[in-house]
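Structural description and commentary
Letter by letter, the chains look like this.
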Amino acid sequence: MTRSEDALETATSDASLARSKARSAEIDLAIDQDPSRFRILTGDRPTGHLHLGHYFGTLRNRVLLQNRGVDTWVLVADYQVITDRDGVGPIRERVLGLVADYLAAGIDPERSTIFNHSAVPALNQLMLPFLSLVTESELHRNPTVKAELEATEGRAMTGLMLTYPVHQAADILFCKANIVPVGQDQLPHLEQARLIAQRFDKRYGRAVKDHPVFRRPEALLSQAPMLLGLDGEKMSKSRHNTIELRMSADETAKALKKAKTDSERVITYDPANRPEVSNLLMLASLCGAGTPEEIAERIGDGGAGTLKKVTTEAVNEFFAPIRARRAELAANEDYLLDVLGQGNARANEVATRTLDDVRTAMQMNY
Ligand code: TRP
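First, a word on scope: everything that follows refers to the structure included in this document. (Residues numbered from 1 in each chain as written. Predicted model: local features only at pLDDT ≥ 70, side-chain atom pairs only at ≥ 80, totals over all residues. Heavy atoms only, no water.)

Section: the overall build of the protein chain
Quick reminder of the rule: Starting at the N terminus, helices and strands are each numbered in turn, a helix being any DSSP run of H or I of at least four residues and a strand any DSSP run of E of at least two. The quantity called the radius of gyration is restricted to C-alpha atoms. Its globule counterpart is 2.2 Å times the number of residues to the power 0.38. The buried label goes to any residue with under 20% of its type's maximum accessible area, the exposed label to any with over 50%, and the partly exposed label to all in between, with areas taken from a 1.4 Å probe on protein chains only. The contact rule is simple, with two residues in contact once any of their heavy atoms fall within 4.5 Å.
When you go through the protein chain residue by residue, the secondary structure sums to 14 helices and 5 strands. The C-alpha atoms of the protein chain give a radius of gyration of 22 Å, which matches the 21 Å a tight globule of 366 residues would have. By the burial criterion, 51% of the 366 residues in the protein chain qualify as buried. Taking as baseline every contact in the protein chain between residues at least 6 positions apart, the subset at least 24 positions apart corresponds to 78%.

Okay, here's the thing in structure tokens:
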């Protein structure tokens, strides 16, 4: 096994995780010193609507980075929808819904770039030379691909599923993003992107003005606590255990009423032994109701009913302005299309320039 193949497999090992965490802390300081050195790229698959797990896990953090002065690029990963399903679903509604979620949460289209895969041909074309830089066995060993394959319950793996880390590398590398805010599970993908940049450089890179075509992207690990779904399992759209950003106050109350708790009347914050109760306390806490321990203390022996009431109030109060903005935005489809159109124009400009550099490096500029 070569050293670089080794790097991909160990991207999730303890030592490597500790290194990624330490490096993330350094990057965080460097952003404060000079945010203009950084461009971040993040994205979401338009397979449903964003929920509170997304909001507290990543969305809020993107807005903070943008507001700290980092050039922020947000990808609506529409081609990634078909990695694990047979059709695109109600794609137009979902894409515009994502744009509305981003804007409502505070992504500012004047400062940030919101764009989608299928509108940026030069980005997708990078996939071709990139595929020549990875091996089939390397892709099969990617821990995230493996995990996703297991989650598809025996469905055959498509070529796109196997190679989507390469496509994701194109997402990151085309726009020369140097930081990618990620959760731990995405670390192997980032390592794959770094390997592709490195290998391209080794094979062709120095032909362009004596500097490498691609930057080496780094992970900015999120410190956000993981929110569970209302059934105590991982919060995910496919499990129907989410509270969506776009829900009304009533829908939120209804969803929270059905949340799983336990039969203990006295409410305590004890994530290890009372995951469902603690998760609701964490959610109320994230929405500004105090620390989870304080909230538990206040509820005392009020039981699950009071806990749900307190959590519902905190969520509805916190999200009221975001939801009002979202409703306004969602009613103005022309504006959403305009924002996406402008982001795509910017992304196309950058992607075309990068592809030109790639052609030059590969001596394909006839
Ligand atoms: N895979 C990511 C998700 O499931 C979306 C995504 C696509 C992405 N391309 C990316 C994230 C590049 C970070 C960088 O939500």
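Moving on from the coordinates now.
Quick word on the site of the ligand
How we decide: The cutoff for a nearby residue is simple: one of its non-hydrogen atoms must lie within 4 Å of the molecule or strand. Definition of a polar contact: a pair of N or O atoms within 3.5 Å, with one able to donate and the other able to accept a hydrogen when the atoms are protein atoms, and with sequence-neighbouring residues admitted only if both atoms are side-chain atoms. Only the protein chains shown count as cover for residues, and the accessible areas themselves come from Shrake-Rupley with a 1.4 Å probe.
Around the ligand lies a shell formed by Leu41, Gly43, Asp44, Arg45, Leu75, Ala77, Gln80, Gln168, Asp171 and Val180. Within the side chain of glutamine 80, a nitrogen or oxygen atom sits 2.9 Å from a nitrogen atom of the ligand. Aspartate 171 has a polar side-chain atom sitting 2.7 Å from a nitrogen atom of the ligand. Protein contacts shield 84% of the accessible area of the ligand, which totals 360 Å² for the unbound molecule. When residues of the shell around the ligand are traced back to their parent elements, those giving at least two are β1 (39-44) and α8 (159-174). Sort the elements by how many residues they give to the shell around the ligand and β1 lands first, with 3 residues.

Here's the deal with helix α9 (residues 187-203)
It helps to recall that an α-helix has 3.6 residues per turn; residues three or four apart then point in one direction. The cut-off we apply is this: Each residue after the first adds 1.5 Å to the expected span of a helix.
Spanning 17 residues, α9 covers 24 Å between terminal C-alpha atoms, matching the ideal 24 Å at 1.5 Å per step. By the criterion of burial, α9 is predominantly enclosed, with 13 of the 17 residues buried.

Examining the environment of glutamine 125
Among the secondary structure elements, glutamine 125 is positioned in helix α5 (residues 121-131). Overall, glutamine 125 belongs to the partly exposed group, its relative accessible area being 39%. C-alpha of glutamine 125 to C-alpha of alanine 351: the two residues are 226 residues apart in sequence and 9.5 Å apart in space.

Points about the packing of helix α3 (residues 52-67) against helix α11 (residues 275-289)
This is how the line gets drawn: As a rule, the C-alpha atoms of each element are fitted with a line to give its axis, helices using only the stretch in contact, and angles between N-to-C directions run from 0 to 180 degrees. By the definition adopted for this analysis, an angle is roughly parallel if under 35 degrees, roughly antiparallel if over 145, roughly perpendicular if from 65 to 115, and oblique otherwise. Helix crossings fall into two classes, left-handed where the near helix is turned counterclockwise from the far one by less than a right angle and right-handed where it is turned clockwise. Put simply, Ala, Val, Leu, Ile, Met, Phe, Trp, Tyr, Cys and Pro go in the nonpolar bin, Asp, Glu, Lys and Arg in the charged bin, and everything else, Gly too, in the polar bin.
Contact geometry for α3 and α11: axes closest at 11 Å, N-to-C directions at 55°. Of the possible angle classes, the one that applies to α3 and α11 is oblique. Handedness of the crossing formed by α3 with α11: left-handed. Of the residues in α11, those touching α3 at Leu52, Phe56 and Arg60 are Leu283, Leu286 and Cys287. Along the lines of polarity and charge, the residues of the contact of α3 with α11 split into 5 nonpolar, no polar and 1 charged.

Structural notes on the pairing of β1
Stated formally: Pairing between strands is defined by DSSP: at least two bridges between them are needed. Seen with its strands pointing away from the viewer, a crossover is right-handed when the path leading from the first strand over the helix to the second is clockwise.
When you tally the buried positions in β1, you get 5 out of 6 residues, the bulk of the element. As judged from the 6 bridges shared by β1 and strand β2 (residues 71-76), these two strands associate in the parallel manner. From the neighbouring strand, leucine 41 faces β2, where its bridge partner is tryptophan 73. With α3 bridging β1 and its parallel neighbour β2, the resulting β-α-β unit is right-handed.

Quick look at the packing of α5 against α8
Each packed pair of helices is defined by two parameters, the angle between the axes and the distance between the axes. Contact geometry of α5 with α8 gives a least axis separation of 9 Å together with a crossing angle of 120°. Between α5 and α8 lies a crossing whose hand is right-handed. Touching Leu123, Asn124, Leu126, Met127, Phe130 and Leu131 of α5 are Leu160, Thr163, Val166, His167, Ala169, Ala170, Asp171, Leu173 and Phe174, all from α8. Tallied by class, the residues present in the contact of α5 with α8 amount to 11 nonpolar, 3 polar and 1 charged.

Some points on the packing of aromatic side chains
For clarity, the cut-off: Stacked, tilted and edge-to-face are the three classes applied to pairs of Phe, Tyr and Trp rings, where Trp contributes its six-membered ring and a pair requires centres within 6.5 Å; stacked means planes under 30 degrees apart, edge-to-face means over 60, and tilted covers the rest.
Counted under the stated rule, the structure contains 12 aromatic pairs. Measuring from ring centre to ring centre gives 5.1 Å for tyrosine 55 and phenylalanine 319, while their planes differ by 80°; the resulting arrangement is edge-to-face. Here the residue tyrosine 55 occupies a position in helix α3, and phenylalanine 319 occupies one in helix α13 (residues 303-330), the gap between them amounting to 264 residues. As far as burial versus exposure is concerned, tyrosine 55 and phenylalanine 319 are alike and both buried. Members of the aromatic cluster, each reached through a chain of ring pairs, are Tyr55, Phe56, Phe318 and Phe319.

Things to note about the nonpolar core
Which entries qualify depends on this criterion: Buried residues of nine kinds, namely Ala, Val, Leu, Ile, Met, Phe, Trp, Tyr and Cys, make up a nonpolar core once their side-chain atoms join them within 4.5 Å.
Core analysis: the biggest nonpolar cluster contains 50 residues, and Leu52, Phe56, Tyr102, Ile114 and Phe319 have the highest contact counts within it. Counting residues per element, the ones that place at least two in this core are α3, β2, α4 (91-105), α10 (249-257), α11, α12 (292-299), α13 and α14 (333-361). Those residues in contact with leucine 52 that sit more than four places away from it in its chain are Leu227, Met235, Ile243, Leu245, Leu283, Val315 and Phe319. Formed by 46 residues, the second largest nonpolar core is a distinct cluster that contains Trp73, Ala77, Leu162 and Ala361.

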